[in-house]
Amino acid sequence: MKERTKMKVAALSTLLCLLTIAQASNNYFRVPNTSVSYRVSREKTGENNSSIFLDDSSKKSTITIACFNYAPIFYITVPEKILTQQQARDSIIPDLYIRADSAKKVGRFEAAAVGDEATTDFNTIGGWENDQQIVSLMLSEKKSVTVQFKVVTGKYVRYTFPTAGLASTFKLLRNCK
């Protein structure tokens, strides 16, 4: 595995742990009348480590946009198992298909496992090298985005995420700056 890949996987794994802790703390807020919630966090150095959580319309899956190194990182967690341990080890990760509903545009994005060999979350995949593009697509959408990918069983799953409140929350968190 490339060194950059290892660093990003380790960063995503650390973020996932921090976000789980943050959701239970007092700095976790819900945007009224939306499916958006967020966590505000800054390092002593000033680095923005805030996160936005977007629930799908069935409340079964969550998209997280986490600020890391002054840029957004995208990942999605679903109830279905996306990867086997062997697939994660071999970096056989399904592509993400994201459709912006108002524009009827579909983006195909390479994804990555979240975690390392010891801590992989088999129900979560990240945006990999395409985080900025995915987040830009989501922020430009006023109604909803639909995310689709293949899970371990071989079937495609599809989740729709209402985006009301997403762009304003991202601005509130200073666009990860």
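Now for a quick tour of the structure. Please read all numbers here as calculations on a predicted model, not as lab measurements.

What counts and how
Residues numbered from 1 in each chain as written. Predicted model: local features only at pLDDT ≥ 70, side-chain atom pairs only at ≥ 80, totals over all residues. Heavy atoms only, no water. Helix = DSSP H or I, 4+ residues; strand = E, 2+ residues; numbered from the N terminus. Buried < 20%, exposed > 50% of the residue type's maximum accessible area, 1.4 Å probe, protein only. Polar contact = N/O pair within 3.5 Å; in protein donor to acceptor, adjacent residues only side chain to side chain. Phe/Tyr/Trp six-rings, centres within 6.5 Å; stacked < 30°, edge-to-face > 60°. Lys NZ or Arg CZ within 6 Å of the ring centre and 35° of its normal. Lys, Arg positive; Asp, Glu negative; His and termini not counted. Salt bridge = Lys/Arg side-chain N within 4 Å of Asp/Glu carboxyl O. Contact = heavy atoms within 4.5 Å. Arc of directions from axis to C-beta.

**Quick word on the environment of Glu43**
Right, so step 1: Relative to the helices and strands, Glu43 resides in the loop between strand E2 (36–39) and strand E3 (51–55).
Right, so step 2: Residue Glu43 is classed as partly exposed on the basis of its relative accessible area, which comes to 42%.
Right, so step 3: Side chain to side chain, Glu43 and Asn49 meet in a polar contact 2.6 Å long.

**Here's the deal with the packing of aromatic side chains**
What describes a pair of aromatic rings is the distance from one ring centre to the other and the angle between the planes of the rings.
Right, so step 1: Going through the model one piece at a time under the given rule, you end up with two aromatic pairs.
Right, so step 2: For the ring pair Phe29 and Tyr38, a centre distance of 5.3 Å and an interplane angle of 35° mean the geometry is tilted.
Right, so step 3: Classification of Tyr38 by relative accessible area gives buried; the value is 14%.
Right, so step 4: It is Lys81 that lies over the ring of Phe122; its NZ or CZ is 5.5 Å from the centre.

**Re the side chain of Asp56**
Right, so step 1: Counting through the fold element by element, Asp56 comes out in the loop between E3 and strand E4 (62–68).
Right, so step 2: Here Asp56 sits buried without a salt bridge, and the closest side chain of opposite charge, Lys59, lies 7.5 Å off (N-O distance).
Right, so step 3: Apart from residues lying up to four places away in sequence, Asp56 is in contact with Ser61, Tyr159, Thr160, Phe161 and Pro162.

**Focus on helix H3 (residues 131–140)**
Right, so step 1: For H3, every residue scored as buried is listed here: Asp131, Ile134, Val135, Leu137 and Met138. Angular distribution of buried residues about the axis of H3 spans 160°; they occupy a single face of the element.

**Let's talk about the pattern of salt bridges**
Right, so step 1: Tallying each qualifying case throughout the model produces two salt bridges.
Right, so step 2: With a shortest N-O distance of 3.2 Å, Asp55 and Arg30 are connected by a salt bridge. Taken together, the positions of Asp55 in strand E3 and Arg30 in strand E1 (residues 28–30) put the pair 25 residues apart, joining distant regions of the chain.
Right, so step 3: On the basis of relative accessible area, Asp55 is assigned to the buried category, the value being 13%.
Right, so step 4: Close ionic contact of Asp95 with Arg108 constitutes a salt bridge, the shortest N to O distance being 2.5 Å. Taken together, the positions of Asp95 in the loop between helix H2 (85–89) and strand E6 (96–100) and Arg108 in strand E7 (residues 105–109) put the pair 13 residues apart, joining distant regions of the chain.
Right, so step 5: What makes Asp95 partly exposed here is its relative accessible area of 22%.

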